[in-house]
Amino acid sequence: MFGVRYVKSSPSHYLMQFQNGKVVREGTGLAFFYFAPKSTLVSVPLNAVDIPFMFEETTRDFQAVTLQGQVGYRIVQPKTLAEQQNFVLLPNGAYASEDPERLPIRVLNAVKAQFRALLQEADLREVLHGTEQLSKTARQGLAAAPSLIALGIEIVDLALLAAKPTPETARALEAPMREEILKQADDATYARRNAAIAQEQMIKESELRSELAIEQKKRQVRETEVESERVILEKRQEIQTQELAGNVGLEKQNAEIIEPPALRKAH
């Protein structure tokens, strides 16, 4: 029949049929015939959408920083959004306006405004060292953003993946750390050298102690040898003295034996 059409929507789309300015049929996953000349179809997607973002903002200390991340959102009040934006379907199934395509841009503008407000109260170092906290605060702020609430949009996720200063600022921030790393490297080199010198001194002292111990042992051996030689000489002298005394006594005995009796009486 002329003007009668068939439409079928997916479970992730909220479909509304208007006739004479009133909703006559609405819901997800609908399939029905309708009279096109008197009907207007509005389809609002309900699935979550992830949008990457990257934009530049200025911190409280007037430093430019580039924020890079991703925001996820979904439409939780499709009828509210349909009242604010044009999600009307054409007969060929396409949207009649560019509002559906511009919706992610509206969300990104809200994200950018939230980060701009936060960065105006933070210094560059605070931003670079607190990306996780910055993401958390921005997510809480977007949950209460009037512009998103008015459109029936809910932020399901917000992740700030990187916060980068300008190359000149990055080099300036890296300079102290680079100098500290070089200083630590120099300190480590000096420590190794000092350790090597101390180790070498310990080795030399050990060698010296060993040499002194060896010399002391040698001296003790020499003293023992001298003492032994002295004892041997004394023994030899005693033996010679004993031998000499023995020889003298023997000679006396021999002389007495040889001497005539008359001479012995005379004596």
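Residues numbered from 1 in each chain as written. Predicted model: local features only at pLDDT ≥ 70, side-chain atom pairs only at ≥ 80, totals over all residues. Heavy atoms only, no water.

What follows is about the overall build of the protein chain. Secondary structure summary: the protein chain contains 7 helices and 8 strands in total. Against the globule reference of 18 Å for 267 residues, the protein chain gives a C-alpha radius of gyration of 56 Å, more extended than a compact globule. Dimensions of the protein chain, computed from the C-alpha atoms along their principal axes, are close to 195 × 45 × 25 Å. Looking at the protein chain residue by residue over its 267 residues, the buried ones come to 24%. For the protein chain, the exposed area adds up to about 18600 Å²; of that, 54% sits on carbon and sulfur atoms. For the protein chain, the centre of its 33 positive side-chain charges and the centre of its 36 negative side-chain charges are spaced 9 Å apart. (Helix = DSSP H or I, 4+ residues; strand = E, 2+ residues; numbered from the N terminus. Rg over C-alpha atoms; globule rule 2.2 N^0.38 Å. Buried < 20%, exposed > 50% of the residue type's maximum accessible area, 1.4 Å probe, protein only. Areas by Shrake-Rupley, 256 points an atom, 1.4 Å probe, with all protein chains shown as cover. Lys, Arg positive; Asp, Glu negative; His and termini not counted. Charge placed at Lys NZ, Arg CZ, Asp CG, Glu CD.)

In this structure, the largest pocket occupies an estimated 170 Å³ of space. As for the largest pocket, its lining consists of 14 residues, and the residues nearest its centre are Val 7, Lys 8, Leu 41, Leu 89 and Gly 93. At the level of elements, strand 1 (4–8), strand 2 (13–19) and strand 5 (40–45) are the ones that each hand at least two residues to the lining of the largest pocket. In terms of residue count, strand 1 provides more of the lining of the largest pocket than any other element does, 4 residues in total. Classifying every residue of the lining of the largest pocket gives 8 nonpolar, 4 polar and 2 charged. (1 Å grid on protein atoms, 1.4 Å probe; cavity = no way out; pocket = protein on both sides within 12 Å on 5 of 7 lines; lining within 4 Å. Points joined across faces, edges and corners; volume = space filled by probe spheres on them. Nonpolar A, V, L, I, M, F, W, Y, C, P; charged D, E, K, R; others polar.)

A side chain with one charge may pair with a side chain of the opposite charge, provided their charged atoms come close. Summed over all chains, the structure comprises 9 salt bridges. A salt bridge links Arg 116 to Glu 57; the nearest nitrogen and oxygen atoms lie 3.2 Å apart. Of the two residues, Arg 116 is situated in helix 2 (residues 99–119) and Glu 57 in strand 6 (residues 49–58); the sequence distance between them amounts to 59 residues. (Salt bridge = Lys/Arg side-chain N within 4 Å of Asp/Glu carboxyl O.)

Sheet analysis places strand 6 next to strand 7 (residues 64–75), joined by 10 bridges and oriented antiparallel. Paired with Thr 58 across the bridge in strand 7 is Ala 64. The hairpin formed by strand 6 and strand 7 contains 5 residues between the paired strands, and Phe 62 there has a positive phi angle of roughly 60 degrees. (Pairing = 2+ DSSP bridges.)

Looking at the element boundaries, Ser 9 is found in the loop between strand 1 and strand 2. Side-chain polar atoms of Ser 9 contact the backbone nitrogen of Gly 29, separated by 3.4 Å. Beyond its immediate chain neighbours, meaning those up to four positions away, Ser 9 contacts Leu 15, Thr 28, Gly 29 and Leu 30. (Polar contact = N/O pair within 3.5 Å; in protein donor to acceptor, adjacent residues only side chain to side chain. Contact = heavy atoms within 4.5 Å.)

Packing of helix 2 against helix 4 (residues 131–143) leaves a shortest axis separation of 10 Å and a crossing angle of 125 degrees. With respect to helix 4, the element helix 2 is oriented oblique. Read as a crossing pair, helix 2 and helix 4 show a hand that is right-handed. When helix 2 is examined against helix 4, the residues Ala 110, Val 111, Gln 114, Phe 115, Leu 118 and Leu 119 are found in contact with a partner set consisting of Leu 134, Thr 137, Ala 138, Gly 141 and Leu 142. For the contact of helix 2 with helix 4, a count of residues per class yields 8 nonpolar, 3 polar and no charged. (Axes fitted to C-alpha atoms, helices over the stretch in contact; angles between N-to-C directions. Parallel < 35°, antiparallel > 145°, perpendicular 65-115°, else oblique. Left-handed = near helix turned anticlockwise from the far one by under 90°.)

What follows covers the sheet that holds strand 3 (residues 22–28). On the basis of which strands lie adjacent, the open sheet formed by 3 strands has the order 3-2-5 and antiparallel pairing. Each having just a single partner strand, strand 3 and strand 5 make up the two edges of the open sheet. On average, adjacent strands in this sheet sit at an angle of 15 degrees to one another, irrespective of strand direction. Taken together, the 6 bridges between strand 2 and strand 3 define a ladder with antiparallel strand orientation. Across the sheet, Gln 17 pairs through a bridge with Arg 25, a residue of strand 3.

Counted by the stated rule, this structure contains 6 aromatic pairs. Between Phe 53 and Phe 55, the aromatic rings sit 5.3 Å apart at their centres with planes inclined by 25 degrees, giving stacked as the arrangement. When sorted by exposure, Phe 53 lands in the same class as Phe 55, which is buried. Measuring from centroid to centroid gives 6.0 Å for Phe 53 and Phe 115, while their planes differ by 40 degrees, and the two rings are tilted. Of this pair, Phe 53 sits in strand 6 while Phe 115 is found in helix 2, placing the two residues 62 residues apart along the sequence. Here Phe 53 and Phe 115 have matching classes, each one buried. (Phe/Tyr/Trp six-rings, centres within 6.5 Å; stacked < 30°, edge-to-face > 60°.)

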